[in-house]
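What follows is each chain in one-letter form.
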Amino acid sequence: MKLRRSMLFVPGSNAGALSTAFIYKPDSIMFDLEDAVAQSEKDSARLMVFQALRHPAYQEIETVVRVNELNTQFGLKDLEAAVGGGADIVRLPKTENADEIHDLEARVARIEKACGRAVGDTKLMAAIESASGVVNAVAIATASKRMIAIAIAGFDYLVDMHTRRSNGSEPELFYARAAVLHAARAAHIDAFDVVYGNIDDDEGFLREVAIAKGLGFDGKSLIHPKQVELLHRAYAPTKEEVDHANRVLAAAEAAHRKGLGVVSLDGKMVDPPVIEEAEMVLQRAQSS
Amino acid sequence: MKVMKEAIAGTLESSDLLVKVAPSDKGAREIVIQSEVIKQFGKQIKRVVAETLDKLSVSEGSIVIEDKGALDCVIRARVQAAVLRGAGSEETDWGTLS
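For clarity, every value in this text was computed on a predicted model and none was experimentally measured.

**Some words on the pairing of strand S1 (residues 7-10) of chain B**
Alright, step 1. By the bridge criterion, 4 bridges tie S1(B) to strand S2 (residues 17-22) of chain B in an arrangement that is antiparallel. Counterpart to B:Gly10 in the pairing with S2(B) is B:Leu18.

**Comments concerning the environment of A:Ser13**
All names here are of chain A.
Alright, step 1. Tracing the sequence through the fold places Ser13 in the loop between strand S1 (6-11) and helix H1 (15-20).
Alright, step 2. For Ser13, a count of 25 C-beta atoms within 10 Å corresponds to the buried category.
Alright, step 3. Remark: the alpha-carbon pair of Ser13 and Asp43, spanning 30 residues in sequence, is separated by 9.3 Å.
Alright, step 4. If sequence neighbours within four positions are ignored, Ser13 has contacts with Val37, Glu41, Ser44, Ala45 and Met48.

**Thoughts on helix H4 (residues 98-115) of chain A**
All names here are of chain A.
Alright, step 1. The terminal C-alpha atoms of H4 lie 26 Å apart, and with 18 residues this matches the ideal 26 Å at 1.5 Å per residue to within 8%.
Alright, step 2. All of the buried residues in H4 are Glu100, Ile101, Leu104, Val108 and Ile111. Each buried residue of H4 lies within a common arc of 90° when the element is viewed along its axis, so the set occupies one face. The outward face of H4, more than 90 degrees from its buried face, is lined by the exposed residues His102, Ala106 and Lys113.
Alright, step 3. Of the surrounding elements, those touching the buried residues of H4 are helix H3 (75-85), strand S4 (89-92), strand S5 (123-128), helix H6 (137-141) and strand S6 (147-152).
Alright, step 4. Looking one or two residues past H4, Gly116 carries a phi angle of roughly 90°, positive in sign.

**What about the sheet that holds strand S3 (residues 62-66) of chain A?**
Residue and element names in this part refer to chain A.
Alright, step 1. Pairing within the closed barrel is parallel, and its 8 strands lie in the order S1-S2-S3-S4-S5-S6-S7-S8. Adjacent strand axes in the sheet meet at a mean angle of 25° when their direction is disregarded.
Alright, step 2. Judged from the 2 bridges that link them, strand S7 (residues 190-193) and strand S8 (residues 219-222) form a sheet pairing that is parallel. The partner of Asp193 across the bridge, within S8, is Lys220.
Alright, step 3. Along the sheet face, helix H8 (residues 171-187) touches S5, S6 and S7 and points at about 175° away from the line of S6.

**Some thoughts on unusual backbone geometry**
Residues and elements named next belong to chain A.
Alright, step 1. A positive phi is found at Lys25, a non-glycine position, where the angle reads about 50°.
Alright, step 2. Within the secondary structure, Lys25 sits in the loop between H1 and strand S2 (28-32).
Alright, step 3. Among the residues examined, Lys25 registers 16 C-beta atoms within 10 Å and is labelled partly exposed.
Alright, step 4. Positive phi values are uncommon outside glycine, yet His162 reaches one of about 60°.
Alright, step 5. With respect to the element layout, His162 can be found in the loop between helix H7 (154-160) and H8.

**Quick look at the packing of helix H11 (residues 239-257) of chain A against helix H12 (residues 272-287) of chain A**
Each pair of packed helices gets described by two things: the angle between the helix axes and the distance between those axes.
Residue and element names in this part refer to chain A.
Alright, step 1. Orientation of H11 relative to H12, taken along the N-to-C sense of each, is 135°, at an axis distance of 9 Å. It follows from the interaxial angle that H11 and H12 lie oblique. Crossing of H11 against H12: the hand is left-handed. Mapping the contact onto sequence places Glu241, Val242, Ala245, Val248, Leu249 and Ala252 in H11 and Val274, Ile275, Ala278, Val281, Leu282 and Ala285 in H12.
Alright, step 2. Taken together, the residues of the contact of H11 with H12 break down into 11 nonpolar, no polar and 1 charged.

**Considerations on helix H2 (residues 72-87) of chain B**
Residue and element names in this part refer to chain B.
Alright, step 1. Relative to the 22 Å expected for 16 residues at 1.5 Å per residue, H2 spans 22 Å between its end C-alpha atoms, a close match to the ideal helical length.
Alright, step 2. Counting buried positions along H2 gives 14 out of 16 residues, so the element sits mostly inside the fold.
Alright, step 3. In the stretch just after H2, Gly88 is the one whose phi turns positive, near 65°.

Calculation rules
- Residues numbered from 1 in each chain as written.
- Chains lettered and ligands numbered in written order.
- Predicted model: local features only at pLDDT ≥ 70, side-chain atom pairs only at ≥ 80, totals over all residues.
- Pairing = 2+ DSSP bridges.
- Helix = DSSP H or I, 4+ residues; strand = E, 2+ residues; numbered from the N terminus.
- Buried ≥ 20, exposed ≤ 12 C-beta atoms within 10 Å, placed from the backbone.
- Contact = placed C-beta atoms within 7 Å.
- Expected span 1.5 Å × (residues − 1).
- Arc of directions from axis to C-beta.
- Axes fitted to C-alpha atoms, helices over the stretch in contact; angles between N-to-C directions.
- Parallel < 35°, antiparallel > 145°, perpendicular 65-115°, else oblique.
- Left-handed = near helix turned anticlockwise from the far one by under 90°.
- Nonpolar A, V, L, I, M, F, W, Y, C, P; charged D, E, K, R; others polar.

Written as structure tokens, this is what we have:
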């Protein structure tokens, strides 16, 4: 199971960030060709991302490319660079409905054929940034077998909802978070929480991480490298959780050796979901 | 590919480079490279620039590079961007850029 706690945004036009992002060891790096890149630099950023994707440093880390919307003059060119460059995942911004995912999938398949990649190799994820996207989240999340994640993007969503961030318990985001998370779980894919824009406010960042983690998000989109370690630490299991996970796996192993289907631990049944959760706890512990 | 007009790509920020291309009537490729790391990586930078221009079939024109310690992948991208801009090319053949 791929661990996806941190997806670090790297502006495609920023040579310094592009040359060093891998050092911070996020679970995924997202090269951005959309909002972080000025219109006049879209062509150059596209080439930078295409070349960075082929750099040895980015062969050992999951790479994502956020393309411009496909109905813009940049979107299809971005897609050719991302798929042709070997990106693991294409992130579609401002996704409103499942048809956009179907269209994306068909275009990606054509590019894969043309550039010699195996059809189906490129995975997809969608960012939900509007009320329509939230309402259609389940259809979007289940639109393709290539979908591996869905993300909620707060800024555009809150503008669409005629409100803004409260920087507290964030009731304004609760419905969208819950809807995107349920869509992800129904589709058996990962869910990413919003970015936290104030990079000097670690306390606020960690407060928001606690909300996302508590709801069940797999991770967050991040806009600064310093947030990677903070996030990984916050997502790290406690010693008690690790000890319990080890006991669960030991009990499951013992039951397997005895040919038993299920076993109980501390009076609770150890079944496949419990084993899967224990494995995830240990995976997070090893990666923190 | 022929450089038809002056064009620039990149920046003078650390880890980046600025590439200026211009048409030339000398029938040859003139490459000038300035770099903070020319002693350590000069040969490599020249090789990457030459290979990138070869793949784009740029046989003539002026190419002036001011490097600020860019990785090879950044050098390739910025040279490609400057040439494509200078050639006025709207379409990208990704096969020639890899």
